[in-house]
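The primary structure of each chain is shown beneath.
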Amino acid sequence: MNFLTDEKLVIVGAAGMIGSNMAQTALMMGLTPNICLYDPYAPALEGVAEELFHCGFEGVNITFTSDIKEALTGAKYIVNSGGAARKAGMTREDLLVGNAKIAEQFGKDVKAYCPDVKHIVVIFNPADITGLITLLYAGLKPSQVTTLAALDSTRLRSELAKQFHISPDKIVNSRTYGGHGEQMAVYASTTKVDGKPLTEIIGTAEFPDKAWEELRVRVVQGGKNIIDLRGRSSFQSPSYISIEMIAAAMGGKPFTWPAGCYVDDDRFNHIMMAMETVIDKDGVHCKEPQGTPQEQAELEQSYKHLCTLRDEVISLGVLPPVNEWHALNPNIK
């Protein structure tokens, strides 16, 4: 098998459904022969490793450990799904306190055991905040840490394809920005449906305004719908998308769906949020999305919600005040 790299990839939270699927996906995609599985729950972790051994992958070195130092030492790439998962009736934000503390310790562990890591993808919720905490405590550059946000855009693509009874491939540039939560900004102005701008279809007999608003709600509550249908939170879609993200950072095909990234500019300050991004071997590159005044206002509201979550984490003592962030991580201005 040909691999993108032979450098070490660590899957954090590998005993869980997302983590175990990430590990298998990474092996099937040929990212690297050097994969380490980490989870503090040793029995289930060993079970995942055994299943992967039984797959009969050729030319790979799968290791597993419940020792975080052993797992991270020498790591060049990490995907972390190691937080608590959403349950029925919960929002992503309900996980804030516990997962913020997990992210803090993870960032400290990265700084201690693999300061030369090249890229980290954080996907445990609320991902915008856990990614921000990881970035600050790991001491990495903003280009080196991304969070899962593309899942919202792919859900928009899926809902539009079902609405118009066409192949998802005919839905182009579907986009959501801002937070990976129910306050996300869902954009219509970027999207084309079978070559036609979505904004020209909304409000017509084919797609009345009410139908668009109902579709927007389905996108925003896409994760809740999976829980309702399956009795557990999503694991296949976040697993695949997160591995596509880390594959891009390894030098594979650039990842062009929106990703969560650190933003500090004239409009948005000291936050991790979904922007128009590209991930490649040099890390994540972002630019602010352009949209209608209403869409831009929704993006501002999403940003304000993220600031509220960030400030709550600061009040809990998980993060220091913003004016002290540079002392914690010199790469943050």
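Residues numbered from 1 in each chain as written. Predicted model: local features only at pLDDT ≥ 70, side-chain atom pairs only at ≥ 80, totals over all residues. Heavy atoms only, no water.

A. Just unusual backbone geometry, in detail. A cis amide bond, omega -10°, links Asn 125 with the succeeding residue Pro 126. Checked against the element boundaries, Pro 126 lands in the loop between strand 5 (119-122) and helix 5 (127-138). Here the phi dihedral of His 165 falls at roughly 55°; this positive angle occurs in a residue that is not glycine. When you line up the elements, His 165 lands in the loop between helix 6 (150-164) and strand 7 (171-172). Within the chain, His 270 stands out as a residue other than glycine whose phi angle is a positive 50°. Looking at where His 270 falls in the secondary structure, it is placed in the loop between strand 12 (259-263) and strand 13 (271-280). (Helix = DSSP H or I, 4+ residues; strand = E, 2+ residues; numbered from the N terminus.)

B. Representation of the side chain of Thr 176 in the model. In this structure, Thr 176 sits in strand 8 (residues 175-177). For Thr 176, a relative accessible area of 2% corresponds to the buried category. With residues up to four places along the chain from it excluded, the contact list for Thr 176 reads Ala 149, Asp 152, Ser 153, Leu 156, Met 184, Ala 185, Val 186, Val 219, Pro 258 and Ala 274. (Buried < 20%, exposed > 50% of the residue type's maximum accessible area, 1.4 Å probe, protein only. Contact = heavy atoms within 4.5 Å.)

C. The nonpolar core, seen in detail. Membership of the largest hydrophobic core comes to 87 residues, with the highest contact counts inside it found for Leu 9, Ile 11, Leu 37 and Ile 78. Beyond its immediate stretch of four places on either side in the chain, Ile 11 contacts Gly 19, Met 22, Ala 23, Ile 35, Cys 36, Leu 37, Tyr 38, Val 79 and Ile 243. (Core = buried A, V, L, I, M, F, W, Y, C linked by side-chain atoms within 4.5 Å.)

D. Quick look at helix 1 (residues 17-28). Across its 12 residues, helix 1 extends 16 Å between first and last C-alpha, which sits within 8% of the 16 Å expected from 1.5 Å per residue. Within helix 1, burial applies to Ile 18, Gly 19, Ser 20, Met 22, Ala 23, Thr 25, Ala 26 and Leu 27. One or two steps after helix 1, the chain reaches Gly 30, where phi turns positive at roughly 70°. (Expected span 1.5 Å × (residues − 1).)

E. Broad picture of the pattern of salt bridges. According to the stated counting rule, one finds 13 salt bridges in the structure shown. One salt-bridge network, held together by shared partners, links Glu 159, Lys 162 and Arg 218. (Salt bridge = Lys/Arg side-chain N within 4 Å of Asp/Glu carboxyl O.)

F. Quick look at the side chain of His 119. Tracing the backbone shows His 119 in strand 5. Of the residues examined, His 119 reaches a relative accessible area of 1% and is grouped as buried. Discounting residues that sit within four places of it in the chain, His 119 has contacts with Lys 76, Tyr 77, Ile 78, Ser 143, Gln 144, Val 145, Thr 146, Ile 246, Ala 249, Ile 279, Gly 283 and Val 284.

G. Here's a closer look at the layout of surface pockets. In this model, the second largest pocket occupies a volume close to 430 Å³. Where the lining of the second largest pocket is concerned, the elements lending two or more residues are helix 6, strand 7 and helix 9 (236-249). Ranked by residue count, the leading element in the lining of the second largest pocket is helix 9, at 5 residues. Tallied by class, the residues present in the lining of the second largest pocket amount to 10 nonpolar, 6 polar and 4 charged. (1 Å grid on protein atoms, 1.4 Å probe; cavity = no way out; pocket = protein on both sides within 12 Å on 5 of 7 lines; lining within 4 Å. Points joined across faces, edges and corners; volume = space filled by probe spheres on them. Nonpolar A, V, L, I, M, F, W, Y, C, P; charged D, E, K, R; others polar.)

H. How the structure looks around the environment of Gly 139. Take Gly 139: it is sitting in the loop between helix 5 and strand 6 (145-147). For Gly 139, a relative accessible area of 24% corresponds to the partly exposed category. Separated by 85 residues in the primary sequence, Gly 139 and His 54 place their C-alpha atoms 38 Å from one another. Excluding anything up to four places from it in sequence, Gly 139 contacts Asn 329 and Asn 331.

I. Region of the structure containing the pairing of strand 1 (residues 8-12). Taking burial as the measure, the 5 residues of strand 1 include 5 buried ones, the bulk of the element. Burial along strand 1 is two-sided: the face carrying Lys 8, Val 10 and Val 12 and the face carrying Leu 9 and Ile 11 are both buried. In this structure, strand 1 lies alongside strand 4 (residues 75-80), joined through 5 bridges in parallel fashion. What sits directly across from Leu 9, in strand 4, is Tyr 77. Bridge count for strand 1 against strand 2 (residues 34-38) is 4 bridges, and the pairing is parallel. Of the residues in strand 2, the one forming a bridge with Leu 9 is Ile 35. Following the backbone out of strand 1, through helix 1 and into the adjacent parallel strand 2, one traces a crossover that is right-handed. (Pairing = 2+ DSSP bridges. Right-handed = clockwise from strand over helix to strand, strands pointing away.)

J. Quick look at the packing of aromatic side chains. Overall, the coordinates contain 5 aromatic pairs when judged by the stated rule. When the ring of Phe 164 is compared with that of Phe 207, the centres are 5.1 Å apart and the planes differ by 70°; the resulting orientation is edge-to-face. Of this pair, Phe 164 sits in helix 6 while Phe 207 sits in the loop between strand 11 (196-197) and helix 7 (209-220); the two residues are 43 residues apart in sequence, bridging distant segments of the chain. Accessibility assignment for this pair places Phe 164 and Phe 207 in one class, buried. Three or more aromatic residues joined by ring pairs make a cluster, and in this case those are Phe 164, Phe 207 and Trp 212. (Phe/Tyr/Trp six-rings, centres within 6.5 Å; stacked < 30°, edge-to-face > 60°.)

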